[in-house]
Amino acid sequence: KSTQVMYSAASNGAVREWVLAHNIKNIKFSGAMWEHSGWVNDMLPSNPTPGTCSMHGVVNHVCLLYTASDDRDVLIWDTVS
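Below: a short report on this structure.

Cut-offs and rules
- Residues numbered from 1 in each chain as written.
- Predicted model: local features only at pLDDT ≥ 70, side-chain atom pairs only at ≥ 80, totals over all residues.
- Heavy atoms only, no water.
- Helix = DSSP H or I, 4+ residues; strand = E, 2+ residues; numbered from the N terminus.
- Buried < 20%, exposed > 50% of the residue type's maximum accessible area, 1.4 Å probe, protein only.
- Contact = heavy atoms within 4.5 Å.

Observations concerning unusual backbone geometry
Note: most residues except glycine have negative phi, and most peptide bonds are trans.
Here's step 1: Phi is positive for Arg72, close to 70°, though the residue is something other than glycine.
Here's step 2: Within the secondary structure, Arg72 is located in the loop between strand E5 (64–69) and strand E6 (74–78).
Here's step 3: Since its relative accessible area comes to 77%, Arg72 is described here as exposed.

As for the environment of Ala9
Here's step 1: Relative to the helices and strands, Ala9 resides in strand E1 (residues 5–9).
Here's step 2: Apart from residues no more than four positions distant in its own chain, Ala9 is found in contact with Ala14, Val40 and Met43.

So, in structure tokens, the structure goes:
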């Protein structure tokens, strides 16, 4: 069974991960990434891997998340770490 996640970004530089469930009441906060020091303007997930991901061993997996911020940094996040 695969787990679906959602990412949100904030003006304080935080990128947050949420685990999605079929019932809206069961959405859970999974963690936050705090490397940006300014407003996070954009996020882009990598394309899902065809078949099994060579980095993580997960089928149809989005391995990376790219973020851009007012701090003038573009960061690449490993979505599993």
